[in-house]
Structures are given as structure tokens and as C-alpha cells.
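Here is what each chain is made of, one letter per residue.
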Amino acid sequence: MGSGLRLHGLPRKIPPDARPRASKRLPLTTTHPALMESAAAMEKKPHLVRREFPPREVPAVSLALLLAAVLLLNALLYLYLSQPRPAGRAETDPGRCPFGHFRLGGMKNCSPWLSCEAMNREVRKLKRVGEGAVKKVFLSEWKEKKVVISQLTNPELKEDFLHGLKMLKALQSQHVVRLLGFCEEQFTILTEYHPLGSLRGLNETLHMPKYKAVNTWHRRLMLAIEYVSIIRFLHNSPLGTLVMCDSNDLDKVLSQYLLTSDFHVLVNDLDALPLVNRSAGRLVKCGHRALRGEFVAPEQRWPYGEEVPFEDDLMPPYDEKTDIWKIPDVSSFFLGHVEGSDIVRLHLFDIHAACKKKDPSERPSAQEVLDSYRKVLALLSREAAMPGTREML
């Protein structure tokens, strides 16, 4: 045994008479009296023994609470990630350009809105793609990028056209189609082009084979949520509470919105956005003719019966709750008839029933509708991810 080896229980300094000579090294199994005495002492010391305990059973209630906590955290995370940015003045997006500027697809820098001169010089019309009562629409090209030119159709409606331009400039956000330029003198507006067109073609688009993967209840509910987010934005806009008046039937509503290539919703037509100002006693009327049908809100219909001829001066005004009345019908269109859409409708039943209250003051706000939609999305997404959740709880 070398001089550097120490054994537990031996003194640091071994007496000379106990040291083996270098020529006769002891093996590790030596029976030297000092080593045997040390070993005997060690045997007398109590040994630490690891006791094996049977596994403790965790109560089922604790497991359920733990699982519920995990699911709640997942739901909160999902809500945070899927929640659209706040509307109105608080809305900030570092990727967006400052007011009066725009940026398209591959552009690195923001460009100022195009003026009359720039539009006449740099924009080329390709073909007419639509026409309404106020304006006609042309697919056009600017610096090899597809854009849209809108021009006044009827000079008698120039006030509506200019009002739409004013709204388009003031409400630029992620909810509104991107403005690229305008020329008031020529009654021309230049906006971003979206090849999928208006929401009227949503079902046809989603039934195309290449979009089969996104034709799901989840994507359709997300589109409905974005639609309600736009209504919430208009009701809480930087300009005040705005009412979407171009909405006398479902087809008209859908024509006011665009479907982007990555399946988001933008409001495109802002020609009829009157302002509600309760503090000043200002309500609105959508047009100057009688409105009929179940799609429009009860307060928008002529209240004096068929025997009394319609007179605009006798028609009572109303507020933004007319938009709330229409949400269930528009959302039903969004949901379509895919697997799971009926389950979504069932979960939205209560909030939709509230939207259809005859008394406008009893209907929820757009924010309350949006909150309900998001809760349903989180709930159904969680159940889809963990089908056995209900049984486990």
C-alpha cells in the first residue's frame, strides 16, 4: 500500500512499527491488526438504510385541479396569441408606415400617398372589375404591382365618394384596406389589390381544392371574429362611434369587405359611415327610404305600418346597435356548413340571442360580442386538442 492511501478509521500517522517495509507491500486484503481493529469499529457504526416507501396515491380531486390549471394556462396563452391588436388610437404596429405613407409587398421603405400627378404618370389601368352606385373599380398596375383604382360613377353622389375617402384616410389600420393615393379633383382613389375579392365569394373560394386545408370551422370562426373586430373598431374609432349603413341585406354587407390572400378580413367600402354622438343627441338614419326585411334591425323599419306612407322626416333615428342585430346572420354565413360549424353555432347561441333583442339598449356591445366569440374559440380549440377533457374532469 503506497504512503498516499488513507483508509477511514486509521490515524493520519501510522507508527513506524506498523509500517510495512517497501519490499513487502501488503495487499488490500491484509489482516494487519490495525486494519482489522478499524474494520471492526466500522462494523459497529450504524449504517444508513434507504427505506422503500410504497407510492403515495394522489387524490382524484388533486389530479382534476392540476389538469384544470394546465388547461386554463393553455387557454390564456391561446387567447393572448390569437387576440387581435387593440383598435383605435391605441393601435400600434411597428411594421406599419406613418400616417400619409404606405408600403406594399416587397417594398423596404414607406412611400408617401401618391398624388394626382404621380397617379396619372405611374398608374396604368388594366381592366374594369366592378361597378356600384357610387364608383367603378379598375384593376391597375403601379411599378409592376397590382393595385385598384376607384373612380366616381355618378356626379350626384360625389359627397358620398368624398366621405368614403375621408373615412379611408382617417381609419387606416389593420382592419381597413390600405390606401395608396388619391386625387380629389379627379374623384379617384388608389388602394391595395386583393385577388380573392369581396366576401361574397368566400364559400366558392374555400371550396376550391387548393384551399381545402383552411375550409374548417376554426378558420371560419376566425373570419367571423375578424368581422366582429371591425365592427368593434368602427364603434370605437378615432372619429367616434360609426355605423355601417351599407348593410341592408347580407349580400350588401359582404360586398363591403375583402378577403385577403392569407385569409383575413378587411373593410373596403366606407362611403356610408354616419356618426353617432349621444352627448350631442345625434343619432343616424341609413338612407332616406323605407327599409324592409328581417335582416335590418327592427328600429330601422318604418314603425307606422303599411297604411301610412313612408316619410323620411317621420322616421325615428337610431344608433350603432343596428350593426349588432346583423352580426348573427353574417356570422352564420362565415361558419358555413363544414364539420364542426353546428357545434360552434350552438356555443354562440346565447350571445346571438342577445344580439337579436328587440330593444336596442338590451343588445350587447360589439366588444362584448367579440369577448364571447373569443371564449368560444378558446374553449373549442382546447377541446379539439384534448378530446377527452370532459371525461377526465
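Below is a summary of the structure that appears in this document. Everything quoted here is computed from the prediction, not taken from an experiment. (Residues numbered from 1 in each chain as written. Predicted model: local features only at pLDDT ≥ 70, side-chain atom pairs only at ≥ 80, totals over all residues. Heavy atoms only, no water.)

What follows is about the sheet that holds strand S5 (residues 145-152). If you walk across this open sheet you meet the five strands as S3-S4-S5-S7-S6, and the pairing is antiparallel. The sheet is open, and its two edges are formed by strand S3 (123-131) and strand S6 (179-183), each paired on a single side. Sheet twist, expressed as the mean angle between neighbouring strand axes with direction ignored, is 25°. Pairing of S6 with strand S7 (residues 188-192) involves four bridges; the strand directions are antiparallel. Paired with Leu179 across the strands is Thr191, a residue of S7. The strands that helix H4 (residues 158-170) touches are strand S4 (135-142), S5, S6 and S7; relative to S7, the one it contacts most, it runs at about 40°. (Pairing = 2+ DSSP bridges. Helix = DSSP H or I, 4+ residues; strand = E, 2+ residues; numbered from the N terminus. Axes fitted to C-alpha atoms, helices over the stretch in contact; angles between N-to-C directions. Contact = heavy atoms within 4.5 Å.)

A separate point is a nonpolar patch on the surface. A contiguous nonpolar surface patch, about 240 Å² in accessible area, is contributed by Tyr304, Val308 and Leu314. Note that Leu314 resides in the loop between strand S11 (275-276) and helix H8 (321-335). (Patch = residues over 30% accessible without salt bridge, like charges linked within 9 Å, V, L, I, M, F, W, Y side chains within 5 Å. Areas by Shrake-Rupley, 256 points an atom, 1.4 Å probe, with all protein chains shown as cover. Salt bridge = Lys/Arg side-chain N within 4 Å of Asp/Glu carboxyl O.)

All right, on to helix H11 (residues 366-385) then. Under the 1.5 Å per step criterion, the end-to-end length of H11 is 28 Å for 20 residues, consistent within 8% with the ideal 28 Å. Along H11, the residues that are buried comprise Ala366, Val369, Leu370, Tyr373, Arg374, Val376, Leu377, Ala378, Leu380 and Ser381. (Expected span 1.5 Å × (residues − 1). Buried < 20%, exposed > 50% of the residue type's maximum accessible area, 1.4 Å probe, protein only.)

With the rule as written, the count across this model stands at three disulfides. Across the disulfide, Cys97 is cross-linked to Cys110 (sulfur-sulfur distance 2.0 Å). Of note, the bridge from Cys97 to Cys110 carries an S-S torsion of about -90° and is left-handed in sense. In this pair, Cys97 sits in the loop between helix H2 (60-82) and strand S1 (101-102) while Cys110 sits in the loop between S1 and strand S2 (111-112), placing the two residues 13 residues apart along the sequence. For Cys110, a relative accessible area of 29% puts it in the partly exposed group. Across the disulfide from Cys116 sits Cys183; the S-S distance is 2.0 Å. Linking Cys116 and Cys183, the disulfide has an S-S dihedral of approximately 100° and is accordingly described as right-handed. Here the residue Cys116 occupies a position in helix H3 (residues 116-122), and Cys183 occupies one in strand S6, the gap between them amounting to 67 residues. Residue classification places Cys183 among the buried residues on the basis of a relative accessible area of 2%. (Disulfide = S-S within 2.5 Å.)

Everything listed here is a matter of coordinates, which is why it stays silent on function.
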